[in-house]
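One-letter residues, chain by chain:
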Amino acid sequence: MSMSLDRRSFLGTAAIFAAPRVLFAQAATERRFVFIIQRGGADGLNTVVPYAEPAYSRARGALAIDPAAALKLDGSFALHPSLVELHRLYGAGQASFFHAVASPYRDRSHFDGQNVLETGGSAPYQLKDGWMNRLVGMLPRGGKQPIAFSPAVPMALRGSLEVTTYAPTALPRASDDLLTRVDQLYAKDAQLHALWSSALEAREMAGGMAGGGGARQDAAALGRMAASFLARPDGPRLAMIETNGWDTHTGQNGRLAAQLRGLDNLVAALRENLGAAWAQTTLLIATEFGRTVAANGTGGTDHGTASVAMLAGGAVQHGRIVADWPGLESANLYEGRDLKPTLALDALVASVCSQAFGLDPERTSRALFPGAVHAKALPQLLRS
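Source: prediction; values computed, not measured. Residue positions are given per chain, counting from 1 as you read along its sequence in written order. Two thresholds apply to this predicted model, a pLDDT of at least 70 for residue-level local features and 80 or more for giving and counting side-chain atom pairs, whereas whole-chain, interface and lining totals are computed over all residues. The side-chain figures draw on all heavy atoms in the structure; neither hydrogens nor water molecules are used.

This next bit is on the sheet that holds strand β3 (residues 48-49). Strand pairs in the sheet, formed through backbone hydrogen bonds, run parallel or antiparallel to each other. The criterion for strand pairing is that DSSP finds at least two bridges linking the strands in question. What counts as a helix is a DSSP run of H or I of at least four residues, what counts as a strand is a run of E of at least two, and both are numbered from the N terminus. The strand order β3-β5-β4 describes an open sheet built from three strands, whose pairing is antiparallel. Whereas interior strands pair on both sides, the edge strands pair on one side only; in this sheet they are β3 and β4 (71-72). Pairing of β4 with strand β5 (residues 78-79) involves two bridges; the strand directions are antiparallel. Looking across to β5, one finds that K72 is bridged to A78.

What follows concerns the nonpolar core. Note on terminology: a nonpolar core comprises buried Ala, Val, Leu, Ile, Met, Phe, Trp, Tyr and Cys residues joined through side-chain atoms within 4.5 Å. Only protein chains enter the area calculation, which uses a 1.4 Å probe; residues under 20% of their type maximum are buried, those over 50% are exposed, and those in between are partly exposed. Ranked by size, the top nonpolar core spans 54 residues in total, and within it L86, F97, L270 and L328 carry the most contacts. Counting residues in hydrophobic clusters, the runner-up holds 41 residues, among them M240, A286, V316 and L343.

A few words now on unusual backbone geometry. Positive phi values are uncommon outside glycine, yet R108 reaches one of about 70 degrees. The residue R108 is located in the loop between β6 (95-102) and α3 (110-119) in this model. Here E335, not a glycine, exhibits a phi torsion of approximately 55 degrees, which is positive. Structurally, E335 can be placed in the loop between β12 (320-322) and β13 (343-344).

Judged by how many residues are buried, α3 sits mostly within the fold: eight of 10 residues are covered. Along its buried surface, α3 packs onto β2 (32-38), α4 (131-138), β9 (238-243), β10 (281-287), α9 (345-357) and α10 (361-368). Backbone geometry just after α3 places G120 at a positive phi near 85 degrees. We call two residues in contact when some of their heavy atoms are within 4.5 Å.

Take the packing of aromatic side chains next. Side-chain rings of Phe, Tyr and Trp, where Trp is taken by its six-membered ring, are said to pair if the distance between their centres is within 6.5 Å; with planes under 30 degrees apart they count as stacked, over 60 as edge-to-face, and otherwise as tilted. In this structure the tally under the stated criterion is six aromatic pairs. Between Y90 and F97 the ring centres are 5.9 Å apart and the planes differ by 45 degrees, which places this aromatic pair in the tilted class. Under the relative-accessibility criterion, Y90 is labelled buried at 9%. Exposure remark for F97: the relative accessible area of 1% places this residue in the buried category. Residues W131 and F369 carry aromatic rings whose centres are separated by 6.3 Å and whose planes lie at 35 degrees to one another, so their mutual orientation is tilted. Linking W131 in helix α4 with F369 in the segment after α10, this pair joins segments that are 238 residues apart in sequence. Here the aromatic residues F33, F35, W131, F357 and F369 are joined through ring pairs into a cluster of three or more.

What follows deals with the side chain of T281. Of note, T281 is situated in strand β10. Since its relative accessible area comes to 1%, T281 is described here as buried. A distance of 2.8 Å separates a polar side-chain atom of T281 from the backbone oxygen of A277. Apart from residues lying up to four places away in sequence, T281 is in contact with R32, L274, A312, G313, G314 and A315. Under this definition, polar contacts are N or O atom pairs within 3.5 Å; protein pairs additionally need one hydrogen-donor-capable and one acceptor-capable atom, and for neighbouring residues in sequence, both atoms have to be side-chain atoms.

Here V116 lies in helix α3. Looking at V116, the relative accessible area reads 1%, which means it is buried. Linking V116 and Y105, residues 11 residues apart in sequence, is a C-alpha distance of 6.7 Å. Other than its neighbours up to four places away in sequence, V116 contacts S103, P104, Y105, G121, A123 and P124.

Let us now look at helix α2 (residues 84-91). All buried positions along α2 are accounted for by E85, L86, L89 and Y90. The arc that holds the buried residues of α2, viewed along the axis, is 140 degrees, so those residues lie on one side. Structural note: α2 exposes V84 and G91 on the side pointing more than 90 degrees away from its buried face. Where α2 is buried, its residues meet β5, β6, α8 (252-274), β11 (307-312) and β12. Following α2 by one or two positions, G93 has its phi on the positive side, about 75 degrees. Here the arc refers to the directions that run from the helix axis out to each C-beta atom.

Their axes nearest at 9 Å, the elements α4 and α10 cross at an angle of 140 degrees. In terms of orientation, α4 lies oblique with respect to α10. Between α4 and α10 lies a crossing whose hand is right-handed. Contact residues: α4 offers W131, R134, L135 and M138, while α10 offers R363, T364, A367 and L368. Grouping the constituent residues of the contact of α4 with α10 by class yields five nonpolar, one polar and two charged. To get an axis, a line is fitted to the C-alpha atoms, and for a helix only the part in contact is used. The angle between two axes follows their N-to-C directions and goes from 0 to 180 degrees. Note that the term roughly parallel is reserved for angles under 35 degrees, roughly antiparallel for angles over 145, roughly perpendicular for angles of 65 to 115, and oblique for everything else. Whether a crossing is left-handed or right-handed is set by the direction in which the near helix is turned from the far one by less than a right angle, anticlockwise for left-handed and clockwise for right-handed. Ten residue types, Ala, Val, Leu, Ile, Met, Phe, Trp, Tyr, Cys and Pro, are classed as nonpolar, four, Asp, Glu, Lys and Arg, as charged, and the remainder, Gly among them, as polar.

Next up, the structure:
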């Protein structure tokens, strides 16, 4: 099967166990850009399913997605049944899918693969800062300094530009009386008072969603909270959301369905709560690597190479599938086991960022991914 290139984060310190985390950066622009990372190596073959290829069902066996249940995109590919919102967005011309995509990394270690994905290097630990921090440096300066809504700043946002951290907490919300007393305590300390004021402002922007019961926050609630920041005229314009749990060595069918349902709910909550700002929003979803083509002996798949990246948002121009499909027959696999990469994730990220903010493509590519060789030109993916 072959396809053409263009086819259809001060106050909060408690981490949310196994939940996504939100990370923001301020920029003087109306465009919003959200990077959603799927940590653990998400299975691209059961996300955007090559249902028309016989080798897929043969290799996957009981793990293969039933074509009758899958959400058709075209005559070759379909979405996992959990991705109802993304399927709707594709039909509305607001989602695109990129298959057989990979970073330059090939050795299948989560830590190393995520480092390459987040720094934009061609090898693990080659670069000391993240491509999102470098992107912030290319945008018009204005408003607040970048802020990460997380107990720790992820690698993609680390760099010369400081990022304040904030994380939703599972502790009960502080009373107004306590907040007043702390404000009085810090009033004579310029540095602490400034940090306190920033924390209170972030608390207000969260719309009361950052605290409250339970150590686990569902994906829809996370999306609503993220949207409450991004939709504000004075809110952040760059954001990063971390999702975990994509390492499906065992029991993949149920686990992946739940993971994808959560991702779909996250996207839906962002769309529903961004209001008019949705038209200016781009979501880029990607993972460090994919999974093996063949199922393993424990009802799952192992670390692989190429996977799927997804683009969604009101700023997306036309729904499409972009793939130079290598095929799944044994002779066509990478090292005889993995989906072969035919599209550079570096090139996709650089293209999306340059189009989202009206930046020079070559300059953006060099800044975000120094040393990368981008052989393939990508189509216009976003509205000007």
